[in-house]
Amino acid sequence: LALGRAQAQSVPAPLDSLLTHTLDSMHNVLQNIGMGAALVLPDGSAWAGGAGISSTLPPVDVSPEHVFNIGSVTKTITAAAILRLHDEGLLSINDS
């Protein structure tokens, strides 16, 4: 996920530190090779971070600019968005 940092205002330093620590902790708990996360807050500020590596040969650190292939995860995201719109009365799940 690339956020285009030039377009977004950065989060305050204490929040940046907390989010980075949280991502590093999740990386350690899940014991995965690498992961990234990005947030856009209601005020338009944005944060992105990476932990671990994206490749073993050669080892490449995950950075905030790293792009991951997310595959079938988009189906879950789409379903969640549709159900949220339904809950807000903006979409009927019975529409065709």
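Analysis parameters
- Residues numbered from 1 in each chain as written.
- Predicted model: local features only at pLDDT ≥ 70, side-chain atom pairs only at ≥ 80, totals over all residues.
- Heavy atoms only, no water.
- Helix = DSSP H or I, 4+ residues; strand = E, 2+ residues; numbered from the N terminus.
- Expected span 1.5 Å × (residues − 1).
- Pairing = 2+ DSSP bridges.
- pLDDT = per-residue confidence, 0-100.
- Contact = heavy atoms within 4.5 Å.
- Salt bridge = Lys/Arg side-chain N within 4 Å of Asp/Glu carboxyl O.
- Buried < 20%, exposed > 50% of the residue type's maximum accessible area, 1.4 Å probe, protein only.
- Polar contact = N/O pair within 3.5 Å; in protein donor to acceptor, adjacent residues only side chain to side chain.

A.B. asks: Describe helix H2 (residues 73-87), naming the residues involved and giving the relevant values.
C.D. replies: Since the α-helix packs 3.6 residues into each turn, any two residues three or four apart lie on the same face. Helix length check: H2 (15 residues) gives 21 Å between terminal C-alpha atoms against 21 Å at 1.5 Å per residue, within 8%. Just past H2, the residue Gly89 takes up positive phi, approximately 75 degrees.

A.B. asks: Give me the lowdown on the environment of Ser92, citing residues and values where you can.
C.D. replies: When you line up the elements, Ser92 lands in the segment after H2. Separated by 80 residues in sequence, Ser92 and Pro12 place their C-alpha atoms 39 Å apart.

A.B. asks: Tell me about unusual backbone geometry, and please be specific about residues and values.
C.D. replies: Here the amide bond leading from Leu57 into Pro58 is cis, since omega sits at -10 degrees, within 30 degrees of zero. For Pro58, the location among the structural elements is in the loop between strand S3 (45-56) and strand S4 (59-61). In this model, Gln31 sits at a positive phi of 50 degrees, which is unusual for a non-glycine residue. Examined against the element boundaries, Gln31 turns out to sit in the loop between helix H1 (13-30) and strand S2 (34-40).

A.B. asks: A description of the pairing of S3 should follow, citing residues and the corresponding values.
C.D. replies: Pairing of S2 with S3 involves 7 bridges; the strand directions are antiparallel. Across the sheet, residue Leu39 finds its bridge partner in S3, namely Trp47. Counted along the chain from S2 to the antiparallel partner S3, the turn is 4 residues long, and its residue Gly44 has a positive phi close to 95 degrees. Alignment of S3 against S4, held across 3 bridges, turns out to be antiparallel.

A.B. asks: Pulling in residues and values, what's your account of the confidence of the model for the protein?
C.D. replies: For the protein, mean pLDDT is 86; residues scoring 70 or higher make up 91% of the total. Taken together, the stretch residues 1-7 has pLDDT below 50 and engages in 14 contacts with residues farther than four places along the chain or on a different chain.

A.B. asks: Please give an account of the pattern of salt bridges that cites residues and values.
C.D. replies: Applying the stated criterion across every chain, the model contains 1 salt bridge. Across the pair Glu88 and Arg84 runs a salt bridge whose closest N-O atoms are separated by 3.3 Å. According to the relative accessible area criterion, Glu88 is partly exposed, its value standing at 46%. On the basis of relative accessible area, Arg84 is assigned to the exposed category, the value being 57%.

A.B. asks: Describe the side chain of Ser45, and please don't skip the residues or the numbers.
C.D. replies: Mapping Ser45 onto the fold places it in strand S3. Look at Ser45 and you get buried, because its relative accessible area is 2%. Side-chain polar atoms of Ser45 contact the side chain of Asp43, separated by 2.6 Å.

A.B. asks: A description of H1 should follow, citing residues and the corresponding values.
C.D. replies: With 18 residues, H1 extends 26 Å from end C-alpha to end C-alpha; this agrees with the ideal 26 Å at 1.5 Å per step. Lining the buried residues of H1 we find S2 and S3.

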